Amino acid sequence: MGRIAFLFAGQGAQVPGMAGDIKDEPRVRKLFDLAENIQPGIVNTMLTGTQEELNRTLLTQPTMFLADLAYAYVRESERGVPDCVCGFSVGEVPAL
């Protein structure tokens, strides 16, 4: 297999329902539970919020972080640890 890179999106890539397709994955569920303990309601906002809500920076950044990290967890379990990572804007945080 070739090299693997994970690219993490930043503010502006948010869409309603992001990460909804993987919300029941065990590691993702743990991540979402942790996020709920820190900022109650953030997962529901990510999964069911409107585009207008998700465009508010106060919500955009934590929801993008969660979605980016959730997808990374799933891809890592499928393909292994990436050889490199890159993030744009708030995507730099999950890349770290």
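For clarity, every value in this text was computed on a predicted model and none was experimentally measured.

Q: Tell me what's going on with unusual backbone geometry, and back it up with residues and numbers.
A: If a residue is not glycine, its phi is most likely negative; likewise, a peptide bond is most likely trans. We note that Ala19 has phi near 70°; this positive angle belongs to a residue other than glycine. On the secondary structure map, Ala19 appears in the loop between β1 (5-8) and α1 (26-38). By relative accessible area, which is 0% here, Ala19 ends up buried. Here Ser89, not a glycine, exhibits a phi torsion of approximately 60°, which is positive. When you line up the elements, Ser89 lands in the loop between β2 (84-87) and α5 (92-95).

Q: Hey, could you go over the environment of Asp24 for me, with residue numbers and the actual values?
A: Along the polypeptide, Asp24 turns up in the loop between β1 and α1. For Asp24, a relative accessible area of 61% translates into the label exposed. Distance in space between the C-alpha atoms of Asp24 and Ala72 is 15 Å, their sequence separation being 48 residues.

Q: Explain the packing of aromatic side chains residue by residue, including any values.
A: Aromatic rings in a pair are described by how distant their centres are and how their planes are angled relative to each other. Taken as a whole and judged by the stated rule, the model has one aromatic pair. With a centroid separation of 6.4 Å and an interplanar angle of 75°, the aromatic rings of Phe6 and Phe8 are classed as edge-to-face. You'll find Phe6 and Phe8 in the same group, each marked buried. Here the guanidinium or amino end of Arg27 rests over the ring plane of Tyr73, the centre of that ring lying 3.7 Å away.

Q: Before we move on, could you go through the pattern of salt bridges and cite the residues and values that matter?
A: All told, the structure shown has four salt bridges when counted by the stated rule. For Arg29, the salt bridge goes to Asp33, with nearest N and O atoms at 3.2 Å. Remark: Asp33 and Arg29 occur in helix α1; sequence separation between them is four residues, near one turn of the helix. With a closest N to O distance of 3.2 Å, Glu78 and Arg75 form a salt bridge. Here Glu78 pairs with Arg75, and both are found in helix α4 (residues 57-79), just three residues apart, close to one helical turn. Residue Glu78 is classed as exposed on the basis of its relative accessible area, which comes to 52%. According to the relative accessible area criterion, Arg75 is partly exposed, its value standing at 33%.

Thresholds, definitions, all that
- Residues numbered from 1 in each chain as written.
- Predicted model: local features only at pLDDT ≥ 70, side-chain atom pairs only at ≥ 80, totals over all residues.
- Heavy atoms only, no water.
- Helix = DSSP H or I, 4+ residues; strand = E, 2+ residues; numbered from the N terminus.
- Buried < 20%, exposed > 50% of the residue type's maximum accessible area, 1.4 Å probe, protein only.
- Phe/Tyr/Trp six-rings, centres within 6.5 Å; stacked < 30°, edge-to-face > 60°.
- Lys NZ or Arg CZ within 6 Å of the ring centre and 35° of its normal.
- Salt bridge = Lys/Arg side-chain N within 4 Å of Asp/Glu carboxyl O.

What is shown is where atoms sit, not what they do.
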